[in-house]
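Given next are the chains, with one letter for each unit.
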Amino acid sequence: QVQLVESGGDLVQPGGSLRLSCAASGSIFSIYTMGWYRQSPGKQRDLVARFTGGNSTNYADSVKGRFTISRDNAKNTVYLQMNSPKPEDTAVYYCHAVIRPRGIIKLMEYWGEGTLVTVSS
């Protein structure tokens, strides 16, 4: 079994900073992609930032220059550094990964349970 566990969601003031963490654990052979999505009430779940193949990254236009994704491969963990957040960044942030579990040839998609980020003064 593979699990993604997020942490770090909190109430943060506009212009402040916050760091989210997501750790993948379990029977993992390799991780192909890993990153963050978010969903606000009444809206669809959208990409925030992710690692694709190698060290390549994708960012949503709305967070470029403010948010930074990083990772610790030894810990199977990704981070999302959120600088200068805005009220419109308020959402549940979900960790997402495409992983090849040990003993299984195919790639499988996993989601964390989400962590709430509220940006408000």
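Look up a bit, the structure's there.
A quick note: this is a predicted structure, and the numbers were derived from the prediction, not measured. Going along each chain's sequence as written, the residues are numbered from 1 onward. Where local features are concerned, this predicted model is filtered to residues with pLDDT of at least 70; where side-chain atom pairs are given and counted, the filter is 80 or more; whole-chain, interface and lining totals use all residues. The basis for every side-chain value is the complete set of heavy atoms in the structure, and neither hydrogens nor water enter the calculation.

What follows is about the pattern of salt bridges. The salt bridge criterion pairs a side-chain nitrogen of Lys or Arg with a carboxyl oxygen of Asp or Glu, the two atoms within 4 Å. Under the defined criterion, the tally for this structure stands at three salt bridges. A salt bridge links Arg38 to Asp89; the nearest nitrogen and oxygen atoms lie 2.9 Å apart. Of this pair, Arg38 sits in strand 4 (residues 28-39) while Asp89 sits in the loop between strand 8 (77-83) and strand 9 (91-101), and the two are 51 residues apart along the sequence. By the burial criterion, Arg38 is buried, and Asp89 matches it. A cluster of three or more residues bridged by salt bridges with shared partners is formed by Arg38, Arg66 and Asp89. For the purposes of this entry, the term helix denotes a DSSP run of H or I that reaches at least four residues, the term strand denotes a run of E that reaches at least two, and both are numbered from the N terminus. Only protein chains enter the calculation, and the probe is 1.4 Å; a residue is then buried if its accessible area is under 20% of its type maximum, exposed if over 50%, and partly exposed in between.

Our next topic: unusual backbone geometry. Working note: non-glycine residues mostly have negative phi, and peptide bonds are mostly trans. Its identity as a non-glycine residue notwithstanding, Asn76 has a phi of 50°, on the positive side. When you line up the elements, Asn76 lands in the loop between strand 7 (67-72) and strand 8. Overall, Asn76 belongs to the partly exposed group, its relative accessible area being 27%. A positive phi angle, close to 50°, is found at Ser84, a residue other than glycine. Following the sequence through the fold, Ser84 ends up in the loop between strand 8 and strand 9.

So, on to the sheet that holds strand 1 (residues 2-7). Ordered by their spatial adjacency, four strands build an open sheet running 1-3-8-7, and the pairing between neighbours is antiparallel. In this open sheet, the two strands that pair with only one neighbour each are strand 1 and strand 7. Pairs of neighbouring strands in the sheet enclose a mean axial angle of 15°, with direction left out of account. A pair of strands is treated as paired once DSSP finds two or more bridges between them. Whenever a helix is involved, its axis is fitted only over the stretch in contact; in every case the axis is a line through C-alpha atoms, and angles between N-to-C directions fall within 0 to 180 degrees.

Time to look at the state of the cysteines. Our working definition of a disulfide is a cysteine sulfur pair at a distance within 2.5 Å. Per the counting criterion, the structure on display carries one disulfide. In this model, Cys22 is linked to Cys95 through a disulfide, with the two sulfur atoms separated by 2.0 Å. Here Cys22 and Cys95 share a disulfide; its torsion about the S-S bond, -85°, makes the bridge left-handed. With a gap of 73 residues between them, Cys22 in strand 3 (residues 17-26) and Cys95 in strand 9 connect regions that are remote in the sequence. Per residue, the accessibility class of Cys22 equals that of Cys95, and both read buried.

Now for the nonpolar core. Leu4, Trp36, Leu80 and Tyr93 are the most contacted members of the largest nonpolar core, which totals 28 residues. Of all the elements in the fold, those that place two or more residues in this core are strand 1, strand 3, strand 4, strand 5 (46-51), strand 7, strand 8, strand 9 and strand 11 (115-119). Per-element tally for this core: the top contributor is strand 9, with five residues. What we call a nonpolar core is a set of buried Ala, Val, Leu, Ile, Met, Phe, Trp, Tyr and Cys residues that are connected through their side-chain atoms within 4.5 Å.

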